[in-house]
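Below, each chain spelled out in residue letters.
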Amino acid sequence: MRVGILGSGLMGGKLGTIFARAGHDVVFSYARSEQKLKKLARDAKGRTRAGTPREAAQQADVILLAVHWSRIKDVLSQTGDLSGKVIITCSLPMNNDNTELVVAHTSSGAEELARMVPKALVVAAFNTIPSEVLFGVYESKRKARRPSLVYCGDDESGKGVATELIRDVGFDPLDAGPLRIARYTEPFALLVAHLAYEGDGGPELAYRFERFGTTGASA
Ligand SMILES: NC(=O)c1ccc[n+]([C@@H]2O[C@H](COP(=O)([O-])OP(=O)(O)OC[C@H]3O[C@@H](n4cnc5c(N)ncnc54)[C@H](OP(=O)(O)O)[C@@H]3O)[C@@H](O)[C@H]2O)c1
């Protein structure tokens with residue numbers, strides 16, 4: 001797939017690199033320095049390049065949105081029309097000092113984003129996992145028991161695309177339902193971040209849901 005990265009920082013830089021290693025074409029965009037984008041593309045190897053947000057978005061089968069909440073409108077103003085595009089957002093609606101969700105309970109960042117780009121197919125994924133664990137998950141992907149990754153969205157085709165990328169990174173995708181479930185996954189992401197950054201074990205933390213009972217199958 002052709003993946004356009006909007007926001008090439010901790011999340012976008014690492015996920016874009018992993019997507020490239022998994023065989024996808026990746027365009028890195030939206031950083032404060034073009035040199036950084038070029039270096040990311042060089043270091044990721046594979047079919048990667050640096051581009052503008054417009055190039056990254058318009059040439060993509062799927063877009064990863066990985067910017068701070070305060071930058072969403074700015075980056076969207078640079079992409080051109082996103083009608084029909086699958087947008088996977090890992091962006092959380094955090095305040096400027098990253099201490100609180102500014103959207104919650106009756107809406108979510110993912111739903112607010114979908115309102116900004118009503119004709120795009122928005123999927124919330126990769127928002128519940130610290131960037132520090134991504135390469136470790138990718139390197140362990142041959143193991144039988146993969147960590148879970150919850151995702152949600154209203155469009156089945158968009159979710160299908162997200163599922164493929166989630167598997168490529170090394171997670172076991174867990175469909176949490178429609179986009180409004182982001183009201184639950186976004187606060188859950190803060191729990192994971194709390195455990196990762198305030199806990200004793202360090203930030204390389206992933207999670208796994210297991211289902212017990214009638215089937216005994218994992219979630
Ligand atoms: N980090 C995590 O573990 C994690 C986990 C789950 C969800 N999230 C969410 O994912 C999103 C991205 O987080 P992140 O940690 O990857 O953020 P980050 O490292 O700060 O990356 C954000 C990207 O946006 C770029 N950017 C910021 N201001 C810009 C501007 N004025 N013009 C152009 N580019 C600009 C940054 O450029 P530079 O590269 O030049 O700084 C960077 O490439 C956030 O919404 C966050 O809440 C993060």
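Up top you'll find the structure we're talking about.
Residues numbered from 1 in each chain as written. Predicted model: local features only at pLDDT ≥ 70, side-chain atom pairs only at ≥ 80, totals over all residues. Heavy atoms only, no water.

J.: Sorry, what's going on with the overall build of the protein here?
T.: Tallying secondary structure elements over the protein gives 8 helices and 8 strands in all. C-alpha atoms of the protein, sized along the principal axes, occupy 50 × 40 × 35 Å. Evaluated residue by residue, the protein yields a buried proportion of 50% over its 219 residues. In the protein, the proportion of contacts linking residues at least 24 apart, taken out of those at least 6 apart, comes to 69%. A total accessible area of about 10700 Å² is found for the protein, and carbon and sulfur atoms account for 50% of it. (Helix = DSSP H or I, 4+ residues; strand = E, 2+ residues; numbered from the N terminus. Buried < 20%, exposed > 50% of the residue type's maximum accessible area, 1.4 Å probe, protein only. Contact = heavy atoms within 4.5 Å. Areas by Shrake-Rupley, 256 points an atom, 1.4 Å probe, with all protein chains shown as cover.)

J.: How do you make sense of the nonpolar core when you look at a structure like this?
T.: Burial of nonpolar side chains together is a common tendency in soluble globular proteins. Ranked by size, the top nonpolar core spans 39 residues in total, and within it Phe 19, Ile 88, Phe 126 and Phe 171 carry the most contacts. Ignoring anything within four residues of it in the chain, the contact list for Phe 126 reads Met 11, Leu 15, Phe 19, Leu 64, Ile 88, Cys 90, Leu 149, Leu 165, Ile 166, Val 169 and Phe 171. (Core = buried A, V, L, I, M, F, W, Y, C linked by side-chain atoms within 4.5 Å.)

J.: What should I look at first to understand the side chain of Ser 29 in this one?
T.: One can find Ser 29 in strand S2 (residues 25–29). Leaving out residues up to four positions away in the same chain, Ser 29 has contacts with Ile 5, Leu 6, Gly 7, Ser 8, Leu 37, Gly 51, Thr 52, Pro 53 and Ala 56.

J.: Help me out: how do you make sense of helix H8 (residues 182–198) in this one?
T.: Helical periodicity: at 3.6 residues per turn, an α-helix aligns residues three or four positions apart in one direction. Spanning 17 residues, H8 covers 23 Å between terminal C-alpha atoms, matching the ideal 24 Å at 1.5 Å per step. Every buried residue of H8 is listed here: Ala 182, Thr 185, Glu 186, Ala 189, Val 192 and Ala 196. The buried residues of H8 occupy one face: seen down the axis, they fall within an arc of 110 degrees. Exposed and oriented more than 90 degrees from the buried face of H8 are Tyr 184 and Glu 198. Turning to H8, the residues buried within the fold contact helix H5 (109–116), strand S6 (121–124) and strand S7 (148–153). (Expected span 1.5 Å × (residues − 1). Arc of directions from axis to C-beta.)

J.: Before we go on, may I ask you to explain the pairing of S2 in this structure?
T.: Successive side chains on a regular strand alternate, one facing one side of the sheet and the next facing the other. With 4 of 5 residues buried, S2 lies mostly within the body of the structure. Sheet topology places strand S1 (residues 2–6) next to S2; 5 bridges connect them, and they run parallel. In the strand pairing of S2, Leu 6 is matched with Ser 29. Of the crossover connections in this fold, the one passing from S1 over helix H1 (residues 10–21) to the parallel S2 is right-handed. Pairing between S2 and strand S3 (residues 48–50): 3 bridges, direction parallel. Along S3, the bridge assignment pairs Phe 28 with Ala 50. Where the polypeptide runs from S2 across helix H2 (residues 34–44) and back to S3, its parallel neighbour, the crossover connection is right-handed. (Pairing = 2+ DSSP bridges. Right-handed = clockwise from strand over helix to strand, strands pointing away.)

J.: How should I be thinking about the packing of H1 against helix H7 (residues 156–169) in this particular structure?
T.: In the contact formed by H1 and H7, the axes pass within 9 Å of each other and the chain directions differ by 90 degrees. For the element pair H1 / H7, the angle class is roughly perpendicular. Contacts between H1 and H7 pair Leu 15, Ile 18 and Phe 19 from the former with Leu 165, Asp 168 and Val 169 from the latter. A breakdown of the residues in the contact of H1 with H7 according to their chemical character gives 5 nonpolar, no polar and 1 charged. (Axes fitted to C-alpha atoms, helices over the stretch in contact; angles between N-to-C directions. Parallel < 35°, antiparallel > 145°, perpendicular 65-115°, else oblique. Nonpolar A, V, L, I, M, F, W, Y, C, P; charged D, E, K, R; others polar.)

J.: Looking at this model, I keep getting lost on the site of the ligand. Mind explaining?
T.: Neighbouring residues of the ligand: 21 residues in total, closest Met 11, Arg 32, Lys 36, Val 67 and Ser 131. In isolation the ligand has 890 Å² of accessible area, and contact with the protein removes 78% of it. A per-class count over the shell around the ligand returns 11 nonpolar, 7 polar and 3 charged. (Near = heavy atom within 4 Å.)

J.: Where do I start with the environment of Pro 53 in this structure?
T.: For Pro 53, the position within the fold is in helix H3 (residues 53–58). Separated by 48 residues in the primary sequence, Pro 53 and Ile 5 have C-alpha atoms spaced 7.9 Å apart. Not counting residues up to four positions away in its chain, the partners in contact with Pro 53 are Leu 6, Ser 29, Tyr 30, Val 75, Gln 78 and Thr 79.

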